[in-house]
Amino acid sequence: MATITEAKVVVTSPGRNFVTLKLTTSDGVTGLGDATLNGRELAVASYLRDHLVPLLIGRDADRIEDMWQYLYKGAYWRRGPVTMTAIAAVDTALWDIKGKVAGMPVYDLLGGKAREGALVYGHASGATVGELLEDVARFQEAGYRAIRAQAAVPGVAGTYGVRKGAVYEPAAGALPEEQLWDTEKYLDFAPRYLARVREEFGFDFHLLHDVHHRLTPTEAGRLGARLEELRLFWMEDPSPAELQENFRQIRQATTTPIAVGEVFNSVWDCQQLITERLIDYIRCSVAHAGGITHLRRIFHLAELYQVRTGSHGATDLSPVSMSAAVHLDVTVPNFGIQEYMEHDPVTHEVFRPTYELRDGALHPSDAAGLGVELDEEAAARFPYDPRYLPVGRRSDGSVHDW
Ligand SMILES: O=C(O)[C@@H](O)[C@H](O)[C@H](O)CO
Ligand SMILES: [Mg+2]
């Protein structure tokens, strides 16, 4: 039996903030887990350092499921993004260790490949429709077969999803940026620019769009119906999903496929969405939904109901959880798509993943474990840099879902 002898929490900001857990066993094997919770990073770092590390030292590194149950049920206070991200980091690091001990990539531990690579979608955006079209062309030239399109809505400063230079989010600054939101202007404009994308580039690629929780179920149904002829791959987060039964109304109003789940952290956040078939794609991630062990459970439940996967994968997830996602993606029968946003090159000075983008799909390497290295000396050169995600406000000044 190998025991955990060291558990280290590394907070670093190469381009943006990441929290990483590094476990070492009595056999000298190391494993990595991503514990990054965008905008609330230090809460997870403290949860790990102050509450989990003392429980990990001396514990059997082989018993991944038992560790998961021990940390989940042992906390008494169940679920929540901070707890589940911390558990995810431990779980991911243990899978990495198990793979290295077995001399196998994690996808082989999970039953082996069902496909060679995970189809990904890239993020095209533009401050104008012209810029968006140029960006879509750039992604097509780079070999992407699926592209998410977001354009700034005229008269709505700081529309969600539009990059400023190389920066996606969060913006620099000590306090959250406040962005204006106008539902009517968006509902009028979005179908028109998405139609322009189809006119220009045709139907021979997957087109996606993220609504980012901005609409009521009535509005979302109306938008979905209007977008049907554009045959979107999906309409993401059309409405906030705390109340899962609200999606029944969207479902009845439109056949545009629906994807939800990047903010969920457990199967209980999406069990009704899945079992009542209120969505088509479940977007939970390894980092925020309890690690490989729990995300696999969610994906298996989804498979029974013909709901496919489409994991969150913005750059607020480190190359460690991106790698874990790709290993899981290539094994599950109900894989749909994987979100992928290339990390800033400076991020790769600290994290060295071995997955590769080829023909619009991410391919895991056959390295044992997850195939990611963390350079701790490089990590020390990039101290934590406090950032927040933006806050949305309507034109009357009241707070809207961002
Ligand atoms: O699907 C996406 O990429 C976005 O919704 C981002 O993940 C979110 O704004 C948090 O960074
Ligand atoms: Mg999203």
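Anything mentioned here points back to the structure above.
As the structure is a computational prediction, the values presented were derived from the model and not from experiment.

What follows deals with the pattern of salt bridges. Within this structure, the stated rule accounts for 23 salt bridges. For the salt bridge of E339 with R283, the shortest nitrogen-to-oxygen distance reads 2.7 Å. On the criterion of sequence distance, the pair formed by E339 in strand β12 (residues 335-339) and R283 in the loop between β10 (281-282) and α10 (291-304) is long-range, its members being 56 residues apart. You'll find E339 and R283 in the same group, each marked buried. When the shortest N-O distance is used, the salt bridge between D385 and R387 registers 2.8 Å.

For β12, the buried fraction is high: five of the five residues fall into the buried class. Strand direction decides the pairing type here: strand β4 (residues 118-126) and β12, joined by two bridges, are parallel. Looking at the pairing, Y121 lines up with E339 of β12. Relative to β12, strand β11 (residues 308-311) runs parallel, the two being bridged by three bridges. Across the sheet, S311 pairs through a bridge with Q338, a residue of β12. Read as a crossover between parallel neighbours, the route from β11 over helix α11 (residues 319-329) to β12 is right-handed.

What follows is about the nonpolar core. Counting residues in hydrophobic clusters, the biggest one holds 118 residues, and the most contacted among them are L48, I282 and I298. Sort the elements by how many residues they give to this core and helix α3 (residues 81-102) lands first, with nine residues. Among all residues touching L48, those that are not within four sequence positions of it are V9, L21, A35, V53, P54, A86, A89 and V90.

Definitions and limits used
- Residues numbered from 1 in each chain as written.
- Chains lettered and ligands numbered in written order.
- Predicted model: local features only at pLDDT ≥ 70, side-chain atom pairs only at ≥ 80, totals over all residues.
- Heavy atoms only, no water.
- Salt bridge = Lys/Arg side-chain N within 4 Å of Asp/Glu carboxyl O.
- Helix = DSSP H or I, 4+ residues; strand = E, 2+ residues; numbered from the N terminus.
- Buried < 20%, exposed > 50% of the residue type's maximum accessible area, 1.4 Å probe, protein only.
- Pairing = 2+ DSSP bridges.
- Right-handed = clockwise from strand over helix to strand, strands pointing away.
- Core = buried A, V, L, I, M, F, W, Y, C linked by side-chain atoms within 4.5 Å.
- Contact = heavy atoms within 4.5 Å.

Interpretation in functional terms is not warranted from these geometric data alone.
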